[in-house]
Amino acid sequence: MIKIGIPRALLYYQYYPMWQTFFEELGAEVIVSPPTTQLMLSDGSSRLVADTCLPVKVFVGHVLSLVDKCDYIFIPAIRSMKSKSYNCSKFLGLPDMTRAVVPEAPPILDIEIDINRGKRSLYQAIYSLGRHFTWNPYKVRRAATTAWQAHLNYLELMTSQRLTPPKAIGKLSGVAEAEPGTHSSQPNSATIALIGHPYLLYDEHINHRLIHRLEQAHKRVLTPEMLTAEELQSATARVVGRAYWTYEEEVVGVGEHYLKSGANGVIGIMVFGCGPDSVMMDMVHRQSARLRTTPFMSITLEEHTAEAGIVTRLEAFLDMIDRRQKRQVEACV
Ligand code: SF4
């Protein structure tokens, strides 16, 4: 059986159930790299120039961990998944960059997805990917249709049950997700919304177990994937009109939504050196200053971010939220 390696990084959190279904429908075995470790980050970092953003360094570390474990590594170049809305340029060159910096990697299965080029180009890309496994176009078509349905089910599961991607993936695969999500919130506990890219919010090594820490403090945690597409679009439209960057919805739209409803505090997570985020997170910051309804804090992560620094800031923020909630309750009595 052909083994396909999928790095647990970048777009994994958005599309893993779809990719897994597609390859398994075509008779392949899917192998996912383990959760990020410091060694993986150091290995990835050693192959790239210093100013590459942290998530890409982590991605390369995951590729290196898969090198002798699979026959192919799947690395799509996703330019856009929505009409006139584009991914960060780092995603477009990912297959070529990986070939250049990890020459010992097994052959890379790449596919370029750009919805703006029309359905014909999308179908051609899917068929050429499927041809590595079968020459039967009907089989590829059936695998693609089943995979798309798996993706829709995954999105529905996250919004309807308010699950994070790791928990939803765990649930879909029948494996209990040990972390995050093991601590229950108390009845009047504060709700904290997190905004940022999924590869920052759910990689526990990069963010120093942020969700786990919030849950340990008995806070309820809301994340971007828990909102419906309609909620995201309408919130984004109120701030920027039409989103040009895919991630405007995850940052600006989610920020706008949670600053106005559903959260006692909002935390924005970004990485040092990320151009799109520095602009988008600033918009959320300004919006929070204008509204003055919900406290906002942003955390910038980088390779050498100290855990103690994150913990101190988090504790101070949560303290402030708790005191604020207490004052509001006392004012109502
Ligand atoms: S959006 Fe920012 S963090 Fe994400 S890949 Fe692009 S530069 Fe890196």
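Placed above this text is the structure.
I will try to describe carefully the structure that is included in this document.

What counts and what doesn't
- Residues numbered from 1 in each chain as written.
- Predicted model: local features only at pLDDT ≥ 70, side-chain atom pairs only at ≥ 80, totals over all residues.
- Heavy atoms only, no water.
- Helix = DSSP H or I, 4+ residues; strand = E, 2+ residues; numbered from the N terminus.
- Rg over C-alpha atoms; globule rule 2.2 N^0.38 Å.
- Buried < 20%, exposed > 50% of the residue type's maximum accessible area, 1.4 Å probe, protein only.
- Contact = heavy atoms within 4.5 Å.
- Areas by Shrake-Rupley, 256 points an atom, 1.4 Å probe, with all protein chains shown as cover.
- Lys, Arg positive; Asp, Glu negative; His and termini not counted.
- Charge placed at Lys NZ, Arg CZ, Asp CG, Glu CD.
- Pairing = 2+ DSSP bridges.
- Near = heavy atom within 4 Å.
- Nonpolar A, V, L, I, M, F, W, Y, C, P; charged D, E, K, R; others polar.
- Salt bridge = Lys/Arg side-chain N within 4 Å of Asp/Glu carboxyl O.
- Right-handed = clockwise from strand over helix to strand, strands pointing away.
- Core = buried A, V, L, I, M, F, W, Y, C linked by side-chain atoms within 4.5 Å.
- Expected span 1.5 Å × (residues − 1).
- Polar contact = N/O pair within 3.5 Å; in protein donor to acceptor, adjacent residues only side chain to side chain.
- Axes fitted to C-alpha atoms, helices over the stretch in contact; angles between N-to-C directions.

When its secondary structure is counted, the chain shows 14 helices and 10 strands. A compact globule built from 333 residues would reach a C-alpha radius of gyration of about 20 Å, and the chain, at 20 Å, matches this within 12%. Its C-alpha atoms give the chain principal-axis dimensions of about 70 × 40 × 35 Å. Put simply, the chain has 333 residues, and 51% of those count as buried. In the chain, the proportion of contacts linking residues at least 24 apart, taken out of those at least 6 apart, comes to 73%. For the chain, the computed accessible surface area is about 15900 Å², with 53% contributed by carbon and sulfur atoms. Taking the average location of the 35 positive side-chain charges in the chain and that of its 34 negative ones, the two points are 6 Å from each other.

With parallel pairing, 4 strands are arranged side by side in an open sheet as E2-E1-E3-E5. This sheet does not close on itself; its edge strands, each paired only once, are strand E2 (29-32) and strand E5 (108-109). In this structure, strand E1 (residues 3-6) lies alongside strand E3 (residues 72-74), joined through 2 bridges in parallel fashion. In the sheet register, Gly5 faces E3, and the bridge partner there is Ile73.

Our focus in this paragraph is the site of the ligand. Surrounding the ligand, one finds Cys53, Pro55, Cys88, Lys90, His197, Tyr199, Val271 and Cys274. Within the shell around the ligand, the residues separate by chemical class into 6 nonpolar, 1 polar and 1 charged.

A few words on the pattern of salt bridges. Scanning the entire structure with this criterion turns up 16 salt bridges. Here Lys69 and Asp68 are joined by a salt bridge, their closest N and O atoms 4.0 Å apart. Shared partners join several salt bridges into a network, and the residues in it are Arg79, Glu112, Asp114 and Arg117.

Attention now moves to the environment of Pro106. Following the sequence through the fold, Pro106 ends up in the loop between helix H5 (94-101) and E5. Along the chain, Pro106 and His205 lie 99 residues apart, while their C-alpha atoms are 26 Å from each other. For Pro106, the contacting residues outside a window of four places in its chain are Val67, Cys70, Asp71, Tyr72 and Ile73.

Attention now goes to the pairing of E2. In this structure, E1 lies alongside E2, joined through 4 bridges in parallel fashion. Opposite Ile6, over in E2, you have Val32 as the bridge partner. Between the parallel pair E1 and E2, the chain is carried across by helix H1 (residues 12-25), and the sense of this crossover is right-handed.

A few words on the nonpolar core. Burial of nonpolar side chains together is a common tendency in soluble globular proteins. The biggest cluster of nonpolar side chains holds 101 residues, and the ones touching the most others in it are Trp19, Phe22, Phe23, Phe74, Leu194, Tyr258 and Ile267. Phe23 has contacts with Ile4, Ile6, Ala28, Val30, Phe74, Leu109, Leu129 and Phe133, leaving out every residue within four places of it along the chain.

Our next topic: helix H7 (residues 137-160). Taking 1.5 Å as the rise per residue, H7 with 24 residues should run 34 Å; its terminal C-alpha atoms sit 34 Å apart, in good agreement. Among the residues making up H7, those that are buried are Val140, Ala143, Ala147, Ala150, His151, Tyr154, Leu157 and Met158. Close packing links the buried residues of H7 with H1, helix H6 (119-130) and helix H8 (165-172). At the N-terminal boundary of H7, the capping side chain belongs to Asn136, with an oxygen 2.9 Å from the backbone nitrogen of Tyr138.

Take the sheet that holds strand E7 (residues 191-195) next. Reading across the sheet, the 4 strands line up as E8-E7-E9-E10 and stay open at both edges, with parallel pairing between neighbours. Strands at the two margins of the open sheet, each flanked by one partner only, are strand E8 (220-222) and strand E10 (296-301). For this sheet the average axis-to-axis angle between neighbouring strands, irrespective of direction, equals 25°. In the sheet, E7 pairs with strand E9 (residues 265-271) via 4 bridges, with the strands oriented parallel. By the bridge assignment, Ile195 is partnered in E9 with Gly268.

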